[in-house]
Amino acid sequence: MKAIVYQEFGTSDVLQTVEQPKPTIKEDQVLVKVKAFSINPMDWKIRKGEMTLMSGSKFPKYTGADFAGIVEDIGYSVSGIAVGDEVFGVVKNMMKEGVSAEYVAVTSSLIWKKPVDISFAQAASIPVVGTAAVTALEKMGDIHAQTNILINGATGGFGMFLLQLLKQKGANITAVTSSKGTEFAKKWGASSVIDYAKEDVLSRKATYDIVIDLSGKMGYDNAKQIMKSKALFLNPTPKPIEIPLSFIKNLFTSQKHIIVLASPSDKYTDVLLDAVRNGVDIEVNKIFPFANYKEAYQYAEQGGYIGKVVVEVN
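So, here is what we can say about the structure in this document. (Residues numbered from 1 in each chain as written. Predicted model: local features only at pLDDT ≥ 70, side-chain atom pairs only at ≥ 80, totals over all residues. Heavy atoms only, no water.)

**Section: the pairing of strand E8 (residues 148-152)**
- Of all five residues in E8, five are buried, a share of seventy percent or more.
- Covered by surrounding structure in E8 are Asn148, Leu150 and Asn152 together with Ile149 and Ile151, the residues of both alternating faces.
- Bridge count for E8 against strand E9 (residues 172-177) is five bridges, and the pairing is parallel. Its bridge partner lying in E9, isoleucine 151 is registered against alanine 175.
- Assessed by its sense of winding, the connection that carries the chain from E8 through helix H5 (residues 157-169) to E9 is right-handed.
- Here E8 pairs with strand E11 (residues 208-213) via four bridges, running parallel. Bridge assignment links leucine 150 to a residue of E11, and that residue is valine 211. (Buried < 20%, exposed > 50% of the residue type's maximum accessible area, 1.4 Å probe, protein only. Helix = DSSP H or I, 4+ residues; strand = E, 2+ residues; numbered from the N terminus. Pairing = 2+ DSSP bridges. Right-handed = clockwise from strand over helix to strand, strands pointing away.)

The structure is reproduced here in structure tokens:
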């Protein structure tokens, strides 16, 4: 089978296609013929060597964490999944494993049946950002109509799910996005939208109960300017040093810095599948063929697109 790997940290130029045998499965695993995998910011952060404390420095490394495809084989202890099922899923250790290949062997507990009314590309877009969105909701606590929430970088994959889930809670959401993301932000549930090219959200007089920085460009220290005295700052893209530091700083301030670390499971996926059944919009901005994977990563790393970027396989 063809697989995308890299033997050193660096830009997308270090990615290369190699021939490998199909993976062999353990008794609790499923072999999936991959039809699509999505691209997440974590992919290039790991590839660039920014996450070595968690990813390690052992090569070769794969890329991609969430995928969709067709079951080709199952381990003898697997139940509830059959050969031929259309599924989507995610690797167990997103820091050290990857799905950028024609076939992938994954623990059956991290595989779910694909809803029939969404595409493989849409299904591959769900696990990582969808789980992060549900986890962020948990961190926010009690949400109601008087809760003022600012989402910075609101129309990427994470924001796409978070906006729609928050809309169900009736929250008062301000979305910061590009001009081309304005209509999507409104459709997905934003009460008001700020075009970051026309207005600096930090210069506004408005303050918020919750600020979540999906762009990774605002930071807690800047966000404090627009946070209420007992507000939360949610950070889903922390630098490794911020994880212990936030815990210590939170002991001495009422403006809390909350790290959002997500791990896909049945608990979160059930919420997401229920949202899909209720018509949640999954916007796939662009689909690249497997042969153009470098172009796909270059496009994704530039940012500024709506929803998700996906690579189609097979």
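**Looking at the sheet that holds E8**
- Read from one edge to the other, the open sheet built from six strands follows the order E10-E9-E8-E11-E12-E13, with strand pairing classed as parallel. With one partner strand each, in any of the chains shown, strand E10 (192-195) and strand E13 (256-259) form the two edges of the open sheet. The mean inter-strand angle of the sheet, taken between neighbouring strand axes irrespective of direction, is 20°.
- In the packing of helix H4 (residues 127-140) onto the sheet, the strands contacted are E8, E11, strand E12 (227-235) and E13, and the crossing angle to E12 comes to about 155°.
- Each of E8, E9 and E11 is contacted by H5, which is oriented at about 165° to E8, the strand it contacts most. (Axes fitted to C-alpha atoms, helices over the stretch in contact; angles between N-to-C directions. Contact = heavy atoms within 4.5 Å.)

**Looking at the pattern of salt bridges**
- One pass over the full model with this rule turns up 11 salt bridges.
- Between arginine 47 and glutamate 301 there is a salt bridge, with the nearest N and O atoms lying 2.6 Å from each other. Pair noted here: arginine 47 is in helix H1 (residues 41-47) and glutamate 301 is in helix H10 (residues 293-302), with a separation of 254 residues, a long-range link.
- Owing to a relative accessible area of 25%, glutamate 301 belongs among the partly exposed residues under this scheme.
- A salt bridge links glutamate 199 to arginine 204; its shortest N-O distance comes to 2.9 Å.
- A relative accessible area of 30% places arginine 204 in the partly exposed class.
- The network of salt bridges with common partners includes Arg47, Lys48 and Glu301. (Salt bridge = Lys/Arg side-chain N within 4 Å of Asp/Glu carboxyl O.)

**Considering empty space enclosed by the protein**
- A full pass over the atoms with the stated rule returns one cavity of 30 Å³ or more.
- Approximately 90 Å³ is the volume attributed to the largest cavity.
- Grouping the constituent residues of the lining of the largest cavity by class yields seven nonpolar, two polar and four charged. (1 Å grid on protein atoms, 1.4 Å probe; cavity = no way out; pocket = protein on both sides within 12 Å on 5 of 7 lines; lining within 4 Å. Points joined across faces, edges and corners; volume = space filled by probe spheres on them. Nonpolar A, V, L, I, M, F, W, Y, C, P; charged D, E, K, R; others polar.)

Don't take any of this as a statement about function, it's just geometry.
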